[in-house]
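Results of the structural survey
For reference, the chains in residue letters:
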Amino acid sequence: MPASKAPAILVLPSPFFSDSDTIHLLEEADCDRQGVLRQVVSGAYDKPFVIDDGQTRSLHFSLSLIQSTMSLKDPFALELDYTQAMMSFLLFLARPRQILMLGLGGGSLAKFCHRHVGSARITVVEIDPRVIAFRDVFELPSDDARLRVCEGDGADWVGQAAGWEERPDVIMMDAFDRHGLSGSVSSTAFYQSVHDALTGKGLMVANLAGERDDREDHLAMIAEVFDDRVLRYSLQDGNDIVLAFRAPGFAPRWREIANQAKALRSRTGLDFPRYAERLERSRRLRYV
């Protein structure tokens, strides 16, 4: 499915920080620049934008909502806690062959998996062409044999994935817009389609953010569909990272997972032992 023509990107001095900081906007060069900046400052601007402070570039859906952050010193690093925690799926499936990502954002997870999960082919589905337009700003590699970024509705792509010759081992869901979780991924039927699209050993990892009641509703739907084969990792910023497993005989071997966690920490630099400990505690206390 081809992406729409990329909108123009206008780079202006940022209205928020020092004179050397910039803001990247999806606007033509002859637009009312001051008017656009006033909309950004007031919160009325309704397109994604990027703020560059000289050390990081952050994708915003609004001033109060940072969707993704990239370090200019290390563009392939995972800067936000929730993106790091989402990689905990590697504790249970170290060498996935197919990863389907719902939501691109700034491409942090796609870049990290492209670099560190060499066994996988990665398909990223993003519904908003205005988000895809920033892929070069966030130094996302070009599409190749292992990575493709597609414009479309993630729910539709999950339905298609059930018929792929090689179905996804991992479905990663980070499908947010400025209003919260996308409506197309907010139903028991959607989570059932995720379950059915996965391979027998497959798993879903989802980032749930926003209002507590909405997160609890999604957790209940996931637990119902996956027959309570669910682990939950609650972060201090209010996000919940949820892992759901298709295999009916899901029974994690925590001692082996602890050893795997040390090896993954050495290879990637992420604190996998902490993720393993928190996920084991989640299972033991049945937080979900």
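Residues numbered from 1 in each chain as written. Predicted model: local features only at pLDDT ≥ 70, side-chain atom pairs only at ≥ 80, totals over all residues. Heavy atoms only, no water.

Next up on the list: the overall build of the protein. Regarding its fold elements, the protein presents nine helices and 14 strands. Along the three orthogonal principal directions, the C-alpha set of the protein runs to about 60 × 40 × 35 Å. A total of 288 residues make up the protein; the buried ones form 54% of that total. Long-range pairs, those at least 24 residues apart, make up 62% of the contacts in the protein between residues at least 6 apart in sequence. (Helix = DSSP H or I, 4+ residues; strand = E, 2+ residues; numbered from the N terminus. Buried < 20%, exposed > 50% of the residue type's maximum accessible area, 1.4 Å probe, protein only. Contact = heavy atoms within 4.5 Å.)

Attention shifts here to the packing of helix α6 (residues 188-197) against helix α7 (residues 212-225). For the pair α6 and α7, interaxial distance at closest approach is 9 Å and the crossing angle is 45°. It follows from the interaxial angle that α6 and α7 lie oblique. Both α6 and α7 take part in a crossing whose hand is right-handed. Of the residues in α7, those touching α6 at T188, Y191, Q192 and H195 are H218, M221, I222, E224 and V225. Its residues assigned to classes, the contact of α6 with α7 comprises four nonpolar, four polar and one charged. (Axes fitted to C-alpha atoms, helices over the stretch in contact; angles between N-to-C directions. Parallel < 35°, antiparallel > 145°, perpendicular 65-115°, else oblique. Left-handed = near helix turned anticlockwise from the far one by under 90°. Nonpolar A, V, L, I, M, F, W, Y, C, P; charged D, E, K, R; others polar.)

Turning to a negative patch on the surface, a few remarks are in order. On the surface, a cluster of negative charge is made up of E211, D213, D214 and D217. In this structure D213 comes out as exposed when scored by relative accessible area, which is 60%. (Patch = residues over 30% accessible without salt bridge, like charges linked within 9 Å, V, L, I, M, F, W, Y side chains within 5 Å. Areas by Shrake-Rupley, 256 points an atom, 1.4 Å probe, with all protein chains shown as cover. Salt bridge = Lys/Arg side-chain N within 4 Å of Asp/Glu carboxyl O. Lys, Arg positive; Asp, Glu negative; His and termini not counted. Charge placed at Lys NZ, Arg CZ, Asp CG, Glu CD.)

Secondary-structure assignment places P168 in the loop between α5 (154-161) and β9 (170-173). Here P168 falls in the buried class, since its relative accessible area comes to 0%. P168 sits 29 residues away from E139 along the chain, and the two C-alpha atoms are 25 Å apart. Sequence-distant contacts of P168, defined by excluding residues within four places in its chain, comprise Q98, L100, A161, A197, L198 and T199.

Attention shifts here to the sheet that holds strand β2 (residues 22-25). Strand order in the open sheet formed by five strands is β1-β2-β3-β4-β5, with antiparallel pairing between adjacent strands. The open sheet has two edge strands with one neighbour each: β1 (10-13) and β5 (65-71). The sheet shows a mean angle of 25° between the axes of neighbouring strands, direction not considered. Note that strand β3 (residues 49-52) and strand β4 (residues 56-62) share four bridges and pair antiparallel. Bridge pairing in β4 links D52 to R57. Sitting on the sheet, helix α1 (residues 33-42) touches β1, β2 and β3, and the angle it makes with β2 is about 100°. (Pairing = 2+ DSSP bridges.)

Strand order in the open sheet formed by seven strands is β8-β7-β6-β9-β12-β14-β13, and the pairing between neighbours is mixed. The open sheet is flanked by β8 (147-151) and β13 (230-234), the only strands paired with a single partner. Direction aside, neighbouring strands of the sheet carry axes that sit 15° apart on average. Here β13 runs beside strand β14 (residues 240-245); their pairing, made up of five bridges, is antiparallel. In the sheet register, L231 faces β14, and the bridge partner there is L243.

Let's shift gears to the pairing of β14. Most of β14 sits out of view: six of its six residues are buried. Alternating positions in β14 separate into two faces, D240, V242 and A244 on one and I241, L243 and F245 on the other, with burial throughout. Pairing analysis gives six bridges linking strand β12 (residues 203-208) to β14, with the strands arranged antiparallel. Looking across to β14, one finds that L203 is bridged to F245.

With that settled, the discussion passes to the nonpolar core. Core analysis: the biggest nonpolar cluster contains 54 residues, and M87, F89, I99 and M172 have the highest contact counts within it. Contacts of I99, omitting those with residues within four sequence positions, involve F89, C113, V117, A120, R121, I122, T123, V170 and M172. By size, the runner-up hydrophobic cluster in this structure holds 30 residues, among which are W164, A175, L219 and I222. (Core = buried A, V, L, I, M, F, W, Y, C linked by side-chain atoms within 4.5 Å.)

Geometry only, nothing functional implied.
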